[in-house]
Amino acid sequence: MTEIKDFVSRTSLYIAGMRAFETERSDRLFEDPFAADLAGNEILDSWSDYWHFGCDNPEQLFAQYGWNASVVKPGDEGANYNRYKKPRPPREVLDVARTFFVTAKKTTEFS
């Protein structure tokens, strides 16, 4: 039973950490001012290097690895779900923190 409690506790901390990182994003989906306190420095510090990747053209990135990808941003038609009240920057605006939903099909083998 202790293992289950530890797993649930750790999962809760990871979820709080994810919410804390999302709260810091400029294009955040939600804001949770208490998440960082709940997650604690151990979780947040261990993840700090994972969130430094950015890509303005995910279709091209996926194509380099043999995938044919289509992309929508949260808030775009087909991915809005009545959650996005503010317009997002257009894709032509580069170097903006954003999220993409990607659907891809493998087309070739990557070597």
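Residues numbered from 1 in each chain as written. Predicted model: local features only at pLDDT ≥ 70, side-chain atom pairs only at ≥ 80, totals over all residues. Heavy atoms only, no water.

In this section: the environment of R19. Here R19 lies in helix α1 (residues 2–24). Overall, R19 belongs to the partly exposed group, its relative accessible area being 33%. For the pair R19 and F34, spaced 15 residues apart in sequence, the C-alpha separation works out to 9.1 Å. (Helix = DSSP H or I, 4+ residues; strand = E, 2+ residues; numbered from the N terminus. Buried < 20%, exposed > 50% of the residue type's maximum accessible area, 1.4 Å probe, protein only.)

Note on placement: T103 falls in strand β2 (residues 101–106). Its relative accessible area of 56% is what places T103 among the exposed residues. The spatial distance from the C-alpha of T103 to the C-alpha of W67 is 9.5 Å, given a sequence separation of 36 residues.

Next up on the list: the pattern of salt bridges. Taken as a whole and assessed by the stated rule, the structure comprises one salt bridge. Between R91 and E59 there is a salt bridge, with the nearest N and O atoms lying 2.8 Å from each other. Of the two residues, R91 is situated in the loop between β1 (67–72) and β2 and E59 in helix α3 (residues 58–64); the sequence distance between them amounts to 32 residues. Under the relative-accessibility criterion, R91 is labelled partly exposed at 27%. (Salt bridge = Lys/Arg side-chain N within 4 Å of Asp/Glu carboxyl O.)

Below, the discussion takes up the side chain of R98. If you trace the backbone, R98 turns up in the loop between β1 and β2. For R98, which is buried and forms no salt bridge, the nearest opposite charge comes from D56, at a distance of 4.6 Å. Here the side chain of R98 touches P89 through a polar contact of 3.2 Å, landing on its backbone oxygen. (Lys, Arg positive; Asp, Glu negative; His and termini not counted. Polar contact = N/O pair within 3.5 Å; in protein donor to acceptor, adjacent residues only side chain to side chain.)

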